[in-house]
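Listed below, chain by chain, are the residues.
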Amino acid sequence: MGVKVDIRKCYHEAESSGKRETRKAFLLDVSFEIENELVVLFGPSGSGKTTLFKCISGITEPDGGKITVDGKVYYNKDKKINLPIQKRNLGYVFQSYTLFPHMNVRKNIECGLKSWEKESREERVMEMLSLLHIEELETRYPSQLSGGQKQRVAMARALAPGPELLLLDEPFSALDKEIRTELTEKIKNLQNKIGIPVLFITHNLEEAFLLADRILVLHGGKVQQFGTPDEIFYHPENRHVAELIGLSNIFDDAWVEGYDEASRSAVLKSGDLRIRVNPLNFKPGDKVSWGIHPENMTLLLPGSGSEDKDENTYSAYVSSIINKGPKKKITLKLARHNKVLAAELPAQFVDTLKLSTGDLCLVKMEMSKVVAF
Amino acid sequence: MSDQIWFPLFITLWIAAISSLLVLCSGVFIAYIFARRDFRGKELAELFVTLPLILPPTVIGYLLVILVGKNGFLGQLVYNVLGTGILFTWQAAVIAAYTVSLPLMVRTAQAAIEIVDKELEYAAYILGRTELETALLITLPLAKRGILAGLVLSFARAVGEFGATLMLAGNIPGKTNTMSISIYSAFQAGNNELANILVLVLIFISLLSIALTGKIASRGKFEV
């Protein structure tokens, strides 16, 4: 059955330019379908992620479109259906957890079980407490809980009524990195256990890739791409997506010089540089952009076999090395082409090469690692 | 002598208690509507409820006499139903006290409700709770301190009410002679001894109210 969303909604976002803060209007215009899977809504702040959640949950009314969850119509502009919040069977964990401060954990969870018999209600609370491994918190008040505990109680409360869909709005943003990682893994298991669609908002790249069955990339109110983490990572469809996933060496000056059916690869001409890529469906003459993740480059010392004539290998001068702890960021100026690349490689690897500023080296960009769109 | 003290004390507390009860029920409701709803003419309605706070008591008294007097809209209605007028009864004193103390409750409670996080209410709606249930279960309990403070203020204001009460309920011994009014008439009659005692009692009640408000305000706040 799944969840079908196809809505339009005007929303406002505060934008600060210098001293003044202005409110800018955006149009959220999205259409997607999800099944029993964990979908991460990924995008910068202001991209309309929370507005989308508010529309699905009924806190705000969209300007037009349809929302259907498990075959139940939540919203349909044409048929004038706008189900009240209370009638929509979904769980929502707010960024701030929104635990009721004057109720203990048990009362908080019971709040969503008003029509349940007393006995089954008590059973359900215990079931939720054990599902999230927080049995010992039953009688505590929210002010007596740590951030991670609050987060788990909020999850238990949202899941207690047995929702058809779970919305999680940056549930980990206020937590320490350690607890974050731990809870991220738990959520993944939880989704398998409860078997309902889960929509998860984050603007943390690592979290998105760790959790998602599929990632929905949102930017400026529009769906930029909707696909598996691998699709998003290796085949971003446009510059917005490429930048969001951390692709930093992006060049827009390329066109497809030739396409080789046999090796299913294309040769791009980017300025005076030729580079071979794994294209999706390019035709010769297409204008394209290409880029590579700073982590995906390989550095070689000159004379180590792969010379400039090898495919996707270029000689370059090291123009700077910045120490970033476990990694080092190296800025490279290509010797024969007017291009600057940034690589980020394990410190240990860079140290073995004994590279220093001004040295000549070889940059190798494996065809499968080069991203073109 | 003792009746000259005990009756005014009793009738004053009685009027203030009834008035405060009415103020609590209607004031919290009005405050919730003002805090959580948008409607046309809301600012006008807010102004109307707040007006008695700044109007001279005689003006309030005069307007109320017009409203509940024999020829007034409300007065006629009551006369037709009960066959008796309201003016110069303790009920009239309750109306006067209610009118002047309502804005104190509405203002204080409204401010307290407005700072309750709306997301908490949405969370309750999403858990299937109606607006009424959410107000009773979440919003009002979280605004409790503001509401209690408003109640104490309203009670104190009702205890001290003088001008409008005098015009509406008069000064009928054994019927409508509240503390404030008794002090005034004792002073006019030169009965300083009685005036002194009544003044001391009123000061005591006022101090008690302030202490109570302070206690409510200092009570531990919920951490969110």
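Residues numbered from 1 in each chain as written. Chains lettered and ligands numbered in written order. Predicted model: local features only at pLDDT ≥ 70, side-chain atom pairs only at ≥ 80, totals over all residues.

As a further point, take the overall build of chain A. Within chain A one finds 9 helices and 21 strands. Structurally, chain A occupies a C-alpha span of about 80 × 50 × 50 Å along its principal axes. Counting across all 373 residues of chain A, residues that qualify as buried make up 36%. Relative to all contacts within chain A whose residues are 6 or more apart in sequence, the contacts with residues 24 or more apart total 64%. (Helix = DSSP H or I, 4+ residues; strand = E, 2+ residues; numbered from the N terminus. Buried ≥ 20, exposed ≤ 12 C-beta atoms within 10 Å, placed from the backbone. Contact = placed C-beta atoms within 7 Å.)

Each strand in a sheet pairs with another by means of backbone hydrogen bonds, the pair being arranged parallel or else antiparallel. Residue and element names in this part refer to chain A. If you walk across this open sheet you meet the 5 strands as E16-E20-E17-E18-E19, and the pairing is antiparallel. A single partner strand is all that each edge strand has here, and the edge strands are strand E16 (298–300) and strand E19 (340–346). The average undirected angle you get between the axes of adjacent strands in this sheet is 45°. With 5 bridges joining them, strand E17 (residues 313–324) and strand E20 (residues 360–364) adopt antiparallel strand pairing. Bridge assignment links Thr313 to a residue of E20, and that residue is Lys364. (Pairing = 2+ DSSP bridges. Axes fitted to C-alpha atoms, helices over the stretch in contact; angles between N-to-C directions.)

Looking at where Leu299 of chain A falls in the secondary structure, it is placed in strand E16. Each residue touching Leu299 of chain A, except ones within four places of it in the same chain, is listed here: Ala343, Leu345, Leu353, Cys361, Leu362 and Val363 of chain A.

Attention now moves to the environment of Ala92 of chain B. By secondary structure assignment, the location of Ala92 of chain B is in helix H5 (residues 90–114). Excluding residues that lie within four positions of it along the chain, Ala92 of chain B makes contacts with Val68, Ile86, Leu87, Leu168 and Ala169 of chain B.

Moving on, we come to the sheet that holds strand E13 (residues 265–270) of chain A. All names here are of chain A. Taken together, 5 strands build an open sheet; the order of strands is E14-E13-E12-E15-E21 and the sheet is antiparallel. Of all strands in the sheet, those bounded by a partner on one side alone are strand E14 (273–277) and strand E21 (371–372). Looking at chain direction, strand E12 (residues 249–260) and strand E15 (residues 287–292) are connected through 5 bridges and run antiparallel. In the strand pairing of E15, Ile250 is matched with Gly291.

A word on the interface of chain B and chain A. You'll often see interface size given as the accessible area lost when the parts meet. Counting residues at the interface gives 17 residues for chain B and 17 residues for chain A. Counting residues per element, the ones that place at least two in the side of chain B that touches chain A are helix H6 (118–126) and helix H7 (131–142) of chain B. Here the element with the most residues in the side of chain B that touches chain A is H6 of chain B; it accounts for 7 residues.

Turning next to the nonpolar core. In globular proteins that are soluble, nonpolar side chains generally tend to be buried together. Ranked by size, the top nonpolar core spans 148 residues in total, and within it Val40, Leu41 and Ala156 of chain A together with Ala96 of chain B carry the most contacts. Looking at which element gives the most residues to this core, the answer is H5 of chain B, with 15 residues. Formed jointly, this core draws a minimum of three residues from each of two domains, domain 1 (3–242) and domain 2 (294–372) of chain A. The residues contacting Ala156 of chain A, other than those within four sequence positions of it, are Ile109, Met128, Leu129, Leu131, Leu132 and Ile134 of chain A. (Core = buried A, V, L, I, M, F, W, Y, C linked by C-beta atoms within 7 Å. Domains from an automatic or database assignment.)

What follows deals with unusual backbone geometry. Of note in this structure, Asn312 of chain A is not a glycine but carries a positive phi near 55°. Along the chain, Asn312 of chain A falls in the loop between E16 and E17. Classification of Asn312 of chain A as partly exposed rests on a count of 19 C-beta atoms within 10 Å. In this model, Phe88 of chain B sits at a positive phi of 65°, which is unusual for a non-glycine residue. The topology assignment puts Phe88 of chain B in the loop between helix H4 (73–82) and H5. The class for Phe88 of chain B is partly exposed, based on 15 C-beta atoms found within 10 Å.

Honestly, that's just the spatial picture; any functional story needs more than this.
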